[in-house]
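Listed here are the chains, written in short residue letters.
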Amino acid sequence: MLWLQALIVNTVLIALAQRLPLLTRQGWMHAGMLGTVLWGSLGWSGWLSVVLYLALGSAVTKLGIRDKQQRGLAEARGGCRSPINVWGSAATGATLALLVAAGFEPKAWLLAGFAASFAAKLADTFGSEIGKRWGSSPRLITSLRRVEPGTEGAISLEGTVASALGSLLMAAVMWVLAVVPSLTLFAVVALVGFVATLAESVLGALAQTRITWMSNELVNALQTSFAALLMIGLMPFIS
């Protein structure tokens, strides 16, 4: 019954939302599939947490969009996400949600990993979009050498603070919706999301410019997987 409800709700909502300039037409279809998986696996709260992730990520992408377009730093398609963007960001979370639905335990560990994966991705989006627009003196994370804005692996003070804020916001969403049930888990999820974003910058600096098949979407999937695995690995030590 829950899966039928998930299918109906997401089909109707995606049909109504397709005019919003957040995703491409195909992106909306895949978002509907993702939404069905999340509602069917975790119920409305898990689904809503990712809807809010999409809203926050899309909002920060639109900040300073004209300036970023003029400098060639804006996301393609005016920031509208395609199917590969949807799954690059959410494949890890969707997998963990399906494991919860299948009865794998401990459920609390899987939900914590789910939360951390989206905290990491929103942290990355906040850091990247705000850093490209307002970051001063971007430096390569591995050497601290000055580089051009938008360089893979570049960080700035403004972008780094924005990353921390993005992770904190996503962790707060997960806590309010009871995906993570305690303030302690909220704090650890926020920290793990931020750490995973720094790790993603290191990966970008060391590998993304050298390996032709290392796409942004693959890096996103690796980042969210790292965040989830790190969070799950920490769970035995969190009371």
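Here is what the cut-offs are and how they apply
Residues numbered from 1 in each chain as written. Predicted model: local features only at pLDDT ≥ 70, side-chain atom pairs only at ≥ 80, totals over all residues. Heavy atoms only, no water. Helix = DSSP H or I, 4+ residues; strand = E, 2+ residues; numbered from the N terminus. Rg over C-alpha atoms; globule rule 2.2 N^0.38 Å. Buried < 20%, exposed > 50% of the residue type's maximum accessible area, 1.4 Å probe, protein only. Areas by Shrake-Rupley, 256 points an atom, 1.4 Å probe, with all protein chains shown as cover. Lys, Arg positive; Asp, Glu negative; His and termini not counted. Charge placed at Lys NZ, Arg CZ, Asp CG, Glu CD. Expected span 1.5 Å × (residues − 1). Bend = angle between axes of the 7 residues up to and from the residue. Phe/Tyr/Trp six-rings, centres within 6.5 Å; stacked < 30°, edge-to-face > 60°. Axes fitted to C-alpha atoms, helices over the stretch in contact; angles between N-to-C directions. Parallel < 35°, antiparallel > 145°, perpendicular 65-115°, else oblique. Left-handed = near helix turned anticlockwise from the far one by under 90°. Contact = heavy atoms within 4.5 Å. Salt bridge = Lys/Arg side-chain N within 4 Å of Asp/Glu carboxyl O. Nonpolar A, V, L, I, M, F, W, Y, C, P; charged D, E, K, R; others polar. Polar contact = N/O pair within 3.5 Å; in protein donor to acceptor, adjacent residues only side chain to side chain. pLDDT = per-residue confidence, 0-100. Core = buried A, V, L, I, M, F, W, Y, C linked by side-chain atoms within 4.5 Å.

Let's talk about the overall build of the chain
Logical step 1: Assigned secondary structure in the chain consists of eight helices and two strands.
Logical step 2: Element order for the chain, N to C, with α for helix and β for strand: α-α-α-α-α-β-β-α-α-α.
Logical step 3: Relative to the globule expectation of 18 Å for 239 residues, the C-alpha radius of gyration of the chain, 17 Å, shows essentially globular dimensions.
Logical step 4: C-alpha atoms of the chain, sized along the principal axes, occupy 55 × 45 × 30 Å.
Logical step 5: Counting every position in the chain, which comprises 239 residues, the buried fraction comes to 49%.
Logical step 6: Within the structure as shown, the chain displays about 11600 Å² of accessible surface, and the carbon and sulfur contribution to it stands at 68%.
Logical step 7: Separation between the mean location of the 16 positive side-chain charges and that of the 10 negative ones in the chain comes to 6 Å.

Observations regarding helix 4 (residues 83–101)
Logical step 1: Taking 1.5 Å as the rise per residue, helix 4 with 19 residues should run 27 Å; its terminal C-alpha atoms sit only 23 Å apart, a clear shortfall.
Logical step 2: At Ala-90, helix 4 shows its strongest bend, of approximately 60°.
Logical step 3: Within helix 4, the full set of buried residues consists of Pro-83, Asn-85, Val-86, Gly-88, Ser-89, Ala-90, Thr-92, Gly-93, Ala-94, Leu-96, Ala-97 and Val-100.

A short note on the packing of aromatic side chains
Logical step 1: This model, assessed by the stated rule, comprises four aromatic pairs.
Logical step 2: Taking the centre distance of 5.2 Å and the plane angle of 65° together, the rings of Phe-114 and Phe-118 count as edge-to-face. With a gap of four residues between them, Phe-114 and Phe-118 both fall in helix 5 (residues 107–134), about one helical turn apart.
Logical step 3: Centre to centre, the rings of Trp-175 and Phe-186 are 5.9 Å apart; their planes meet at 35°, and the pair counts as tilted.

Section: the packing of helix 2 (residues 25–62) against helix 6 (residues 157–176)
Logical step 1: The contact between helix 2 and helix 6 brings their axes to 9 Å, and the two run at 155°. Classified by the angle between their axes, helix 2 and helix 6 sit roughly antiparallel to one another. Two packed elements cross with a definite hand, and for helix 2 against helix 6 that hand is right-handed. On helix 6, the residues touching Ser-49, Leu-52 and Tyr-53 of helix 2 are Met-170, Val-173 and Met-174.

Points about the pattern of salt bridges
Logical step 1: The tally for this structure, following the rule as stated, stands at one salt bridge.
Logical step 2: Asp-124 is the salt-bridge partner of Lys-121, the closest N and O atoms lying 3.1 Å from each other. With Lys-121 and Asp-124 both in helix 5 and three residues apart, this pair spans about one turn of that helix.
Logical step 3: According to the relative accessible area criterion, Lys-121 is buried, its value standing at 5%.
Logical step 4: Judged by its relative accessible area of 11%, Asp-124 is buried.

Things to note about helix 2
Logical step 1: For helix 2, built from 38 residues, the straight-helix expectation of 56 Å at 1.5 Å per residue is missed by more than 12%, its first-to-last C-alpha distance being only 18 Å.
Logical step 2: The largest bend in helix 2 is about 135°, located at Leu-42.

Thoughts on the packing of helix 1 (residues 2–17) against helix 2
To describe two helices that pack against each other, one gives the angle between their axes and the distance between the axes.
Logical step 1: Closest axis-to-axis distance for the helix 1/helix 2 pair is 8 Å, and the angle between their directions is 135°. It follows from the interaxial angle that helix 1 and helix 2 lie oblique. Like other packed secondary-structure pairs, helix 1 and helix 2 cross with a definite hand, here right-handed. Residues Leu-2, Trp-3, Gln-5, Ala-6, Leu-7, Val-9, Asn-10, Leu-13, Ile-14 and Ala-17 of helix 1 lie in contact with helix 2, whose contacting residues are Trp-28, Met-29, Ala-31, Gly-32, Gly-35, Thr-36, Val-37, Trp-39, Gly-40, Ser-41 and Trp-47.
Logical step 2: Broken down by class, the residue content of the contact of helix 1 with helix 2 amounts to 14 nonpolar, seven polar and no charged.

Focus on the side chain of Asn-85
Logical step 1: With respect to the element layout, Asn-85 can be found in helix 4.
Logical step 2: In terms of polar contacts, Asn-85 uses its side chain to reach the side chain of Glu-217, at 3.0 Å.

A few points about the confidence of the model for the chain
Regions with low pLDDT carry predicted coordinates that are not meant to be interpreted in detail.
Logical step 1: Per-chain confidence: the chain averages 87 in pLDDT, with 92% of residues scoring 70 or above.
Logical step 2: Mean pLDDT across the elements of the chain bottoms out in helix 3 (residues 65–70) (62) and peaks in helix 6 (95).

Details of the nonpolar core
Logical step 1: Core analysis: the largest hydrophobic core is formed by 53 residues, its most contacted members being Phe-114, Phe-118, Met-170, Met-174 and Met-231.
Logical step 2: At the level of elements, helix 1, helix 2, helix 4, helix 5, helix 6, helix 7 (183–208) and helix 8 (216–234) are the ones that each hand at least two residues to this core.
Logical step 3: Broken down by element, the residue count for this core peaks at twelve residues, all from helix 5.
Logical step 4: In contact with Met-231, other than residues within four places in its own chain, are Ala-112, Gly-113, Ala-116, Leu-185, Val-188, Val-189, Val-192 and Ile-238.

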